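Listed below are the residues making up each chain.
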Amino acid sequence: VQLQASGGGLVQPGGSLRLSCAASGSIFSLDQMGWFRQAPGKQRELVAVITPGGSTTYADSVKGRFTISRDNAKNTVYLQMNSLKPEDTAVYYCYAYITVVGSTRNYWGQGTLVTVSS
């Protein structure tokens, strides 16, 4: 099982980016999916979470600006980031609780860098 994240890059303050994270492999089911981020010199923090039914939770710092969604048919989770601020600069990591035959565990993507700068 693999999680492949994409969509990071350099954007000006106030701009937008959309991150994607696709799960592949012998997947029986996908449970909770989400995104964390880690800025230089800081601890990893939770950004957003989405359940299989579509319920969402956001960090206070991104509420109203970021939107998490998922396409269960494509085993993919998205993070639409609008009104980006320099403090959003970080490496963004996706994760998913995945059930394969016989076990359920947490998997992580490789991280994608988002830089917000003029």
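Just so we're clear, the structure is a prediction, and the values are computed from it rather than from any experiment.

Student: Hey, could you run me through the pairing of strand E9 (residues 90-100) in this one?
Tutor: Walk down a regular strand and you will see the side chains alternate between the two sheet faces. Here E9 lies mainly inside the structure; nine of its eleven residues are buried. Sheet topology note: the strand E4 (residues 29-38)/E9 ladder contains eight bridges and is antiparallel. In the sheet register, Leu30 faces E9, and the bridge partner there is Ile98. Across three bridges, E9 lies against strand E11 (residues 112-116) in antiparallel orientation. When the bridges of E11 are listed, Val91 appears paired with Leu113. With six bridges connecting them, E9 and strand E10 (residues 103-108) associate as antiparallel partners. Residue pairing across strands places Tyr97 opposite Asn106, the latter belonging to E10. Hairpin remark: E9 followed by E10, antiparallel, with two residues in the connecting loop; positive phi at Gly102, about 95°.

Student: Is there a simple way to think about the state of the cysteines in this case?
Tutor: Chemically, a disulfide is nothing more than a covalent bond linking the sulfur atoms of two cysteines. A complete count under the given rule lists one disulfide for this structure. The disulfide partner of Cys21 is Cys94, and the gap between their sulfur atoms is 2.0 Å. Looking along the S-S bond of the Cys21-Cys94 disulfide, the torsion reads about 55°, which is the right-handed sense. Of this pair, Cys21 sits in strand E3 (residues 17-24) while Cys94 is found in strand E9, placing the two residues 73 residues apart along the sequence. Comparing Cys21 with Cys94 shows no difference in burial state: the two are buried.

Criteria and thresholds
Residues numbered from 1 in each chain as written. Predicted model: local features only at pLDDT ≥ 70, side-chain atom pairs only at ≥ 80, totals over all residues. Heavy atoms only, no water. Buried < 20%, exposed > 50% of the residue type's maximum accessible area, 1.4 Å probe, protein only. Helix = DSSP H or I, 4+ residues; strand = E, 2+ residues; numbered from the N terminus. Pairing = 2+ DSSP bridges. Disulfide = S-S within 2.5 Å.

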